[in-house]
Amino acid sequence: MQRLTVMRTRPLLVSVFSILALTGTTTAAAAPQTCGPTFPTRHAYARAIGYDGVTRWTTPLTLAQGADGSTLPPLVDGAISYVAQDGYLTALATADGRRLWQAKPGGSLYNIWRYRNLLAVLADQVGNHATVTGYVAATGAVRWRYRIPGLGLYNTIAQTTGGALAWIRGDGLLQTLDLGTGKLRWSVRVGKNEAQLQFHGAVVSTTGGVVLFAGNGALAAYNEHTGKRLWRTPRLPEQPQLAVSAGVVAMTSGNTGKVPPRVVGVDLVTGRQLWQRRLPTTYGLTLTGTTAGFLVTGGAYPAFREYQLATHTGKTRWSAPAQLLPQVTGAQAIVGNDLLQVTFSYDLYRKYTLHDRDLRTGHQRWQVALHGAPARAGLVAASPTQVYLLGPANGSNPKGEVYAYALTTGQPLWTAKAPTWLGVPPAFGPDGLLLAEVDPGNACPV
């Protein structure tokens, strides 16, 4: 599971207009309250919906009194599925939703990773009690627990292909933790302190047995097992973003300003810079690695565009107008060669459109104008046959709905109502979707 990458902050807590769910007070079994100076009673459910839109089962989830945590996207792993909210981790039978086991690794859960027969959970990433706990995935028995020293972790955490987690500690150490044993493999100092990390920006990523660290205006690669530095390329963008495609690492800057930020391509094996581009935009670049190259989206009103850059040359394969929803990572999904996006344009009012582009050519396969509740959806997700918009229902928040469309034509298929807020993407199993439906902390109707 992956979270949205942020700087060293608390979890992505939200209001009723945000992407991830904010926690509040009591358990799902409590009676409703009226809105007032105290938070209303909140509710949470795990729900399985078939690809025909019919609910298969619904299981109430435990909530924590006064928690400030967030909801993670659910995980379907064969016969067992996992949901995490308000610091609780719950394992459910995928077939019927029966609760198999439950644990509370910490106050706020930031991520979970599956490795062999283990489930690793990161809790309380920011602060002096950050921990990673390894559970036996089938039973919930604790196999190991690692307490992260200092004041926790900075920015992103990435799972390696060889069974480890790579992270940057707040005090400037790049480390990998073995998921099999719960012990550190190696540590390398990449920053003097947190102030330096924040000033220059820093991010970690992994691919093919290599740990990539971008920071201090450079990109470096390390062997994931030994920590040996393989190469280092200087004079690269600060406040970096990273993406990988077909043996090339693309890097750009999250900075905004009068000068368009660079997009740079670096050979993954040697660290040699292959190409450099400056796109005609100065605001909000978002970088995504795809099978067809690097998708770069950004701009400022009225000139929002996206570019598909060729992997090994950086040349523009295609370009198109693309004013995405504010949370770009939630406004698009990629399935095979289908790029599904919700874009909007201004006339007398905003006009929202769901459309499908060929990732290789940029050809628009279909588009659907969105009206009413679907136009207020905050998340796009896709399975091999369907596209889904998740967002608030018509009427009072925090009720939610799922709107399904055919992947090949964009034809509306079905709508499923949710009794609570839908703030994270669903997981997909062989028979349908698994939703984590959790009221935010400010669950009063609006």
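Each remark here, short or long, concerns the structure printed above.
Residues numbered from 1 in each chain as written. Predicted model: local features only at pLDDT ≥ 70, side-chain atom pairs only at ≥ 80, totals over all residues. Heavy atoms only, no water.

Student: Just checking my understanding: could you explain the overall build of the chain for this structure?
Tutor: Within the chain one finds 1 helix and 36 strands. With 446 residues in all, the chain has 60% of them scored as buried. Contacts in the chain between residues far apart in sequence, at least 24 positions, make up 44% of those at least 6 positions apart. As displayed, the chain offers around 18100 Å² of accessible surface, 54% of which is attributable to carbon and sulfur atoms. (Helix = DSSP H or I, 4+ residues; strand = E, 2+ residues; numbered from the N terminus. Buried < 20%, exposed > 50% of the residue type's maximum accessible area, 1.4 Å probe, protein only. Contact = heavy atoms within 4.5 Å. Areas by Shrake-Rupley, 256 points an atom, 1.4 Å probe, with all protein chains shown as cover.)

Student: Is there a simple way to explain the sheet that holds strand E8 (residues 118-123) in this structure?
Tutor: Within a sheet, neighbouring strands are paired by backbone hydrogen bonds and run either parallel or antiparallel to one another. Taken together, 4 strands build an open sheet; the order of strands is E7-E8-E9-E10 and the sheet is antiparallel. The open sheet has two edge strands with one neighbour each: strand E7 (109-115) and strand E10 (142-147). The sheet shows a mean angle of 15 degrees between the axes of neighbouring strands, taken without regard to direction. As paired strands, E7 and E8 are joined by 6 bridges and run antiparallel to one another. Across the sheet, the residue bridging to Tyr-115 is Leu-118, located in E8. (Pairing = 2+ DSSP bridges. Axes fitted to C-alpha atoms, helices over the stretch in contact; angles between N-to-C directions.)

Student: How should the packing of aromatic side chains be read in this particular structure?
Tutor: The description of an aromatic ring pair uses the distance of the two centres, along with the angle that the planes make with each other. Taken as a whole and judged by the stated rule, the model has 8 aromatic pairs. Look at Tyr-82 and Trp-101: their rings are 6.2 Å apart centre to centre, the planes differ by 55 degrees, and that puts the pair in the tilted class. Pair noted here: Tyr-82 is in strand E4 (residues 80-85) and Trp-101 is in strand E6 (residues 99-103), with a separation of 19 residues, a long-range link. For Trp-101, a relative accessible area of 7% translates into the label buried. On the numbers, 6.2 Å between centres and 25 degrees between planes, the contact of Tyr-146 with Trp-167 is stacked. Here Tyr-146 is found in strand E10, whereas its partner Trp-167 is found in strand E12 (residues 164-169), with 21 residues between them in sequence. What links up through ring pairs into an aromatic cluster is the set Tyr-82, Trp-101 and Tyr-135. Positioned above the aromatic ring of Tyr-88 is the side chain of Lys-104, whose terminal nitrogen or guanidinium carbon lies 5.3 Å from the ring centre. (Phe/Tyr/Trp six-rings, centres within 6.5 Å; stacked < 30°, edge-to-face > 60°. Lys NZ or Arg CZ within 6 Å of the ring centre and 35° of its normal.)

Student: Even after reading the chapter, I still don't get the side chain of Ser-81, so can you show me in this structure?
Tutor: Residue placement: Ser-81 occurs in strand E4. Judged by relative accessible area, which is 1%, Ser-81 ranks as buried. Only 2.8 Å separates the side chain of Ser-81 from the side chain of Thr-94, close enough to count as a polar contact. Ser-81 has contacts with Leu-75, Val-76, Thr-90, Ala-91, Leu-92, Thr-94 and Leu-434, leaving out every residue within four places of it along the chain. (Polar contact = N/O pair within 3.5 Å; in protein donor to acceptor, adjacent residues only side chain to side chain.)

Student: Looking at this structure, I do not really get the side chain of Gln-308. What am I missing?
Tutor: Mapped onto the elements of the fold, Gln-308 is located in strand E25 (residues 303-309). Residue classification places Gln-308 among the buried positions, given a relative accessible area of 0%. Separated by 3.2 Å, the side chain of Gln-308 and the backbone oxygen of Leu-359 make a polar contact. When neighbours within four sequence positions are excluded, Gln-308 is seen to be in contact with Thr-290, Ala-292, Gly-293, Phe-294, Leu-295, Lys-315, Thr-316, Arg-317, Trp-318 and Leu-359.

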